[in-house]
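Chains, contacts and geometry: an overview
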Amino acid sequence: MHDDRALVEARLKRVLAERIRPAVYPESVPLAVSIWTAPDEPVPVAEGLAAPRVPVASGDAWGAPWGTSWITVEGTVPEAWAGRTVEALIDLGFDANMPGFQCEGLVYRPDGSPVKGLNPQNQWVRIAAPAVGGERVLLHVEAASNPVVLDYHPFVPTELGDKATAGDTPQYRLGPIELAVFDETVWQLVMDLEVLGELMAELPPDGPRRWDLLRAVERALDAVDLQDVNATAAAARAELADVLASPAAPSAHRIGAIGHAHIDSAWLWPLRETVRKVARTTANMTALLEDEPEFLYAMSQAQQFAWIKEHRPEVYARVKKAVADGRFVPTGGMWVESDTNMPSSEAMARQFVHGKRFFLEEFGIENEEVWLPDTFGFTGGLPQIIRNAGSKWLLTQKISWSQVNTFPHHTFLWEGIDGTRIFTHFPPVDTYNCSMKGSEIAHAVRNFKDKGAARHSLAPTGWGDGGGGTTREMVAKAARLHDLEGSATVRWERPAEFFAQAEAEYPNPPVWVGELYLELHRATLTSQARTKQGNRRSENLLREAELWCATAALRTGHPYPYERLDRIWRTVLLHQFHDILPGSSIAWVHREAEATYAGLAAELEELIGAAQRALAGEASGGRELVFNAAPHGRSAVPAGGAAVAPAGVGGCTVGAREGGGFVLDNGRLRVVVDGDGLVVSAVDAASGREAVAPGARANLLQLHPDFPNMWDAWDVDQFYRNTVTDLTAADEVAVQADGPDEVAVRVARSFGSSTVVQVLRLRAGGARLDIDTEVDWHETEKFLKAAFPLDLHAERYAAETQFGHQFRPTHTNTSWEAAKFEACNHRFVHLAEPGFGVALVTASTYGHDVTRAVRPADGGTTTTVRFSLLRAPRFPDPCTDQGVHRFRHALVPGAGIADAVREGYAIGLPERRVTGTAREVRPLVEVDADAIVVSAVKLADDGSGDLVVRVYESGGGRARGRLATSFPLASAVRCDLLERPWDGARCEAVADGDGVRLALRPFELATLRLTPAGRA
């Protein structure tokens, strides 16, 4: 037989496109269209329905950027269509090749009840089946003219990312808006041919199954009368019945499909638009669930459910019913799909507390799976947080985006820094927007790395980010792929069902230890510095507010602000979403975030001030108390308590350095600053050891060009290091402070269009050199770093993460190590040789790099730590980080890990001074072991009056200690993060009079619920 495969496949492609698909709607009549455009922000539904309209027609322009228009379509079903299926087709000007990221609509009936969303791949609205001739059609569309920010030529700088700069030029032209007959037989034929054609293309050309499909397709095409497709579609389908009925091989890979619409809580649109995206998508999905009895849909992010509940209660009622029916599945158990690199220990824990509590209270559902398909890498501290939240499974996808190394597993156990293991799955379909294409299903089978040991994977299915979710076409394709020879089998599965089956099938999966580092999007640790600083400041203020409000409540009866703290926490958690905190959203998002953080700071300062005044007593007493919120004592003030301000200890000096510059000394640390304002020496007095590498200068600002190959706000590519400018020229180097308790040198520089002022400060009794940096930044596509070359030979270094620290190599022996050229820290980076270490701590930056070199002069090793300060990408925000920024870092020579932990907390939790009558405020709890750190002190969320204390082992070793309470203790219970007694507790926690004895494993966290006597 001659090989005519290419001929038949080309025939299929053309006939489908030009004859069969158009025949799905064989008859149509135009609908009358009218429009009203809201003058500013979106309006309530009732107002939009009642607003006056003006006529418009297909082809007319509409929709200024970020505008809202109410479009009314109306007409009458022709008498000749009686008994047939009729749909309205409403094209708002969609680009069908770009699902999501453009205009969208939500359709309403005249009474204001929602029908479904309109999206590029979902433009139909069912009117009737069967239709009644003469029936009046009247629908209203709330249409959002969201501009296309990420276009076919991506990453082009644009002003469209902020309503303030986007202008008012209409973004779209109305397409055809019609009433049409829907021929379901032809539509089913399209689905048959698409599934078989797509499967055929993935089968080996020399395999019999491919040829069976080819001949069946050929017979079907022969059966179609191209001049009367609708009359012959059933005959064509009959030719395909046998090949569609042939079952899959028993060894076929199994794909669990779950309807999904990955909706970024903000990205190329503002938060307010996400509220509407979620409403449109959930309206779509609840409608599809009613039409398709086998279909299941999952949605993560409790925040998004809460938005619908608040803003679209009529849609939420449909969601709640579908959840109760088991068809609409809340998944993930987090408040948002957050970044996991940068959130603090407590913030990461509270993502689960607030997310899981919402699902429990609203639906009576507790998730055991964590759903983070798009997050930019995962820290090693996350597994035990997941376990402490009562979950045990994790799904993600983004690691498949890594540029250099291919991750070796799709299903595996992920082991965190404390030894906790989480069963983890990366869908081999390599997308969280699967559309059930044959190429996607075949890729999942070929790509699955655990063949032979497992054969089950998950496929999140549906268009996200405004694409409208799963379509009826995807459901139809899944039905045909349920049991089809040559393909993986496909069936709808809830995430929990998939994980339970996959875990049972694969009892001994491989283990991956440590962080799941994404070899991409590394610059998200630096972009949008104000957003990152707002996050860190909010986390610190929340720690203080909970601590002092709990202390005041138990000591004085001061009211504990449960609702306010919950609301503030939820707002902070929302802004930790994986495109807000990482700095990868449009200007509008970050402008609003800055204002939101400022408002939260003011409110938290008010709560802190009121609680501290209650504790300090009446201000007329005139005695100054120092409040210390850090988990370590300092300046004779205990951790979590307050004491009368201690007298100054003195002992600081500053003197001129020969050749220019100054020498700062406080008896513990001697720092030499040269005439250029750079640190050339930092000697730890206790050891006599020099921290700065010979011939090197620390606190050196370095400027790099920064133009990655793509993903401007997200990425920094390794070649940025090829070119560097050292900013050594100083405009001014002068003593700023000279006194017994503090000495400081001020250094001013200018470069490009920017200026920087740094103050290098040494305090009496302190072990660190504080460096305050103020940058007035006006560069474009540049990367600013602060370098600290250290005289240390270290093969690895520690960077703080949630509830501990993780080690990374300083060398690049393998491609895995080389790929980590930019990494995340929380409050410290620590390097050490046996007997001597150096810590670098930071108040608000996250990105850093560590490199090593051997000095030719003496053969010693210089290990250089560089903090990443600022970037200036132009997409999606063309003005990223322009303006004034303030940073604080510190150099701590002679530091062990315990010192790094202590100074890391101290730099972000400054002492507060309050005047009152009290002489002291005793801490509610104190721990007698340095390695055991108190992470949070708060009242229990249930309002019982119990005190909740979270602790963790911070050094990476075993720790025993006693947590003493300053109040009579009735009982102590080890809890999970939701403050429920935890059967899975590993930690020994034994009530002991007025305290609790603790025994913690390395990096283990423990949540303790303490009931004061009298409240038991």
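So, a few notes on the structure that sits alongside this text.

1. So, the sheet that holds strand E9 (residues 124–128)
- Taken in spatial order, the four strands line up as E1-E12-E6-E9 in an open sheet, and their pairing is antiparallel. Strands at the two margins of the open sheet, each flanked by one partner only, are strand E1 (28–30) and E9. For this sheet the average axis-to-axis angle between neighbouring strands, irrespective of direction, equals 25°.
- Note that E1 and strand E12 (residues 177–181) share three bridges and pair antiparallel. Across the sheet, residue serine 28 finds its bridge partner in E12, namely alanine 180.

2. Side note on the environment of tryptophan 70
- Position of tryptophan 70 relative to the elements: it lies in strand E5 (residues 67–76).
- Through-space distance from the C-alpha of tryptophan 70 to that of threonine 37 is 6.1 Å; in sequence the pair is 33 residues apart.
- Leaving out residues up to four positions away in the same chain, tryptophan 70 has contacts with Ser34, Ile35, Trp36, Val43, Pro44, Val45, Gly48, Leu49, Arg53, Tyr108, Val141 and Glu142.

3. Remarks on the packing of helix H6 (residues 271–291) against helix H7 (residues 302–311)
- It is at 9 Å that the axes of H6 and H7 come closest, and there the two elements cross at 85°. Looking at the two axes, H6 sits roughly perpendicular to H7. Every residue of H7 that contacts H6 at Leu271, Thr274, Val275, Val278 and Thr282 is listed here: Gln304, Trp307, Ile308 and His311.
- Within the contact of H6 with H7, the residues separate by chemical class into five nonpolar, four polar and no charged.

4. With respect to the packing of aromatic side chains
- A complete count under the given rule lists 39 aromatic pairs for this structure.
- On the basis of an interplanar angle of 5° and a centroid distance of 5.4 Å, the ring pair of tryptophan 393 and phenylalanine 499 is categorised as stacked. You can see tryptophan 393 sitting in strand E17 (residues 393–395) and its partner phenylalanine 499 sitting in helix H13 (residues 495–505), a full 106 residues away along the chain. Each of the two residues, tryptophan 393 as well as phenylalanine 499, counts as buried.
- Ring pairs connect the aromatic residues Phe101, Phe155, Trp267, Trp269, Trp401, Trp711, Trp714 and Phe875, which therefore count as one cluster.
- Against the face of tryptophan 124 rests lysine 116, its NZ or CZ located 4.5 Å from the ring centre.
- The ring of tryptophan 187 carries arginine 472 above its face, with NZ or CZ at 5.7 Å from the centroid.

5. A look at unusual backbone geometry
- Between alanine 129 and the following residue, proline 130, the backbone shows a cis peptide bond with an omega angle of 5°.
- Within the fold, proline 130 resides in the loop between E9 and strand E10 (136–145).
- Across the junction of phenylalanine 875 and proline 876, the peptide omega takes the value 5°, indicating a cis bond.
- Mapping proline 876 onto the fold places it in the loop between strand E43 (861–871) and strand E44 (883–893).
- Look at aspartate 430: it is not a glycine, yet its phi comes out positive at around 65°.
- Turning to its location among the elements, aspartate 430 is positioned in the loop between strand E19 (421–425) and helix H11 (438–447).

6. Considering the pairing of strand E36 (residues 782–790)
- Among the nine residues that make up E36, eight are buried, leaving the element largely enclosed by the rest of the structure.
- Here six bridges tie strand E30 (residues 700–705) to E36, and the two strands are oriented antiparallel to one another. Pairing of glutamine 702 across the sheet is with lysine 785, part of E36.

7. With respect to H13
- Every buried residue of H13 is listed here: Pro495, Phe498, Phe499 and Ala502. Along the long axis of H13, the arc covered by the buried residues comes to 95°, so they all point the same way.

8. Remarks on the sheet that holds strand E16 (residues 369–371)
- Strand order in the open sheet formed by five strands is E16-E17-E19-E18-E22, with mixed pairing between adjacent strands. The two strands at the open ends of the sheet, each matched to only one other strand, are E16 and strand E22 (511–513). The mean inter-strand angle of the sheet, taken between neighbouring strand axes irrespective of direction, is 30°.
- Two strands pair when backbone bridges link them, and E16 and E17 are joined in this way by three bridges, in the parallel orientation. Bridge pairing in E17 links glutamate 369 to tryptophan 393.
- The sheet strands contacting H13 are E16, E17 and E19, and the helix crosses E17 at an angle near 115°.

9. Remarks on the nonpolar core
- In this structure, Ile20, Leu947 and Leu1010 are the most contacted members of the largest nonpolar core, which totals 208 residues.
- The residues touching leucine 947, leaving out its near neighbours within four places in the chain, are Ala550, Leu554, Leu924, Val925, Val937, Lys938, Leu939, Phe967, Leu1008, Arg1009 and Leu1010.

10. What about helix H5 (residues 229–245)?
- For H5, which comprises 17 residues, the first-to-last C-alpha distance of 23 Å matches the rise-based estimate of 24 Å (1.5 Å per residue) to within 8%.
- The largest bend in H5 comes to about 35°, at glutamate 239.
- Among the residues of H5, Val229, Thr232, Ala233, Ala236, Leu240, Val243 and Leu244 are the ones counted as buried.
- For H5, the secondary structure elements touched by its buried residues are helix H1 (5–20), helix H3 (184–202), helix H4 (208–223) and helix H12 (472–480).

Criteria and cut-off values
- Residues numbered from 1 in each chain as written.
- Predicted model: local features only at pLDDT ≥ 70, side-chain atom pairs only at ≥ 80, totals over all residues.
- Heavy atoms only, no water.
- Pairing = 2+ DSSP bridges.
- Helix = DSSP H or I, 4+ residues; strand = E, 2+ residues; numbered from the N terminus.
- Axes fitted to C-alpha atoms, helices over the stretch in contact; angles between N-to-C directions.
- Contact = heavy atoms within 4.5 Å.
- Parallel < 35°, antiparallel > 145°, perpendicular 65-115°, else oblique.
- Nonpolar A, V, L, I, M, F, W, Y, C, P; charged D, E, K, R; others polar.
- Phe/Tyr/Trp six-rings, centres within 6.5 Å; stacked < 30°, edge-to-face > 60°.
- Buried < 20%, exposed > 50% of the residue type's maximum accessible area, 1.4 Å probe, protein only.
- Lys NZ or Arg CZ within 6 Å of the ring centre and 35° of its normal.
- Arc of directions from axis to C-beta.
- Core = buried A, V, L, I, M, F, W, Y, C linked by side-chain atoms within 4.5 Å.
- Expected span 1.5 Å × (residues − 1).
- Bend = angle between axes of the 7 residues up to and from the residue.

Structural measurements only, silent on function.
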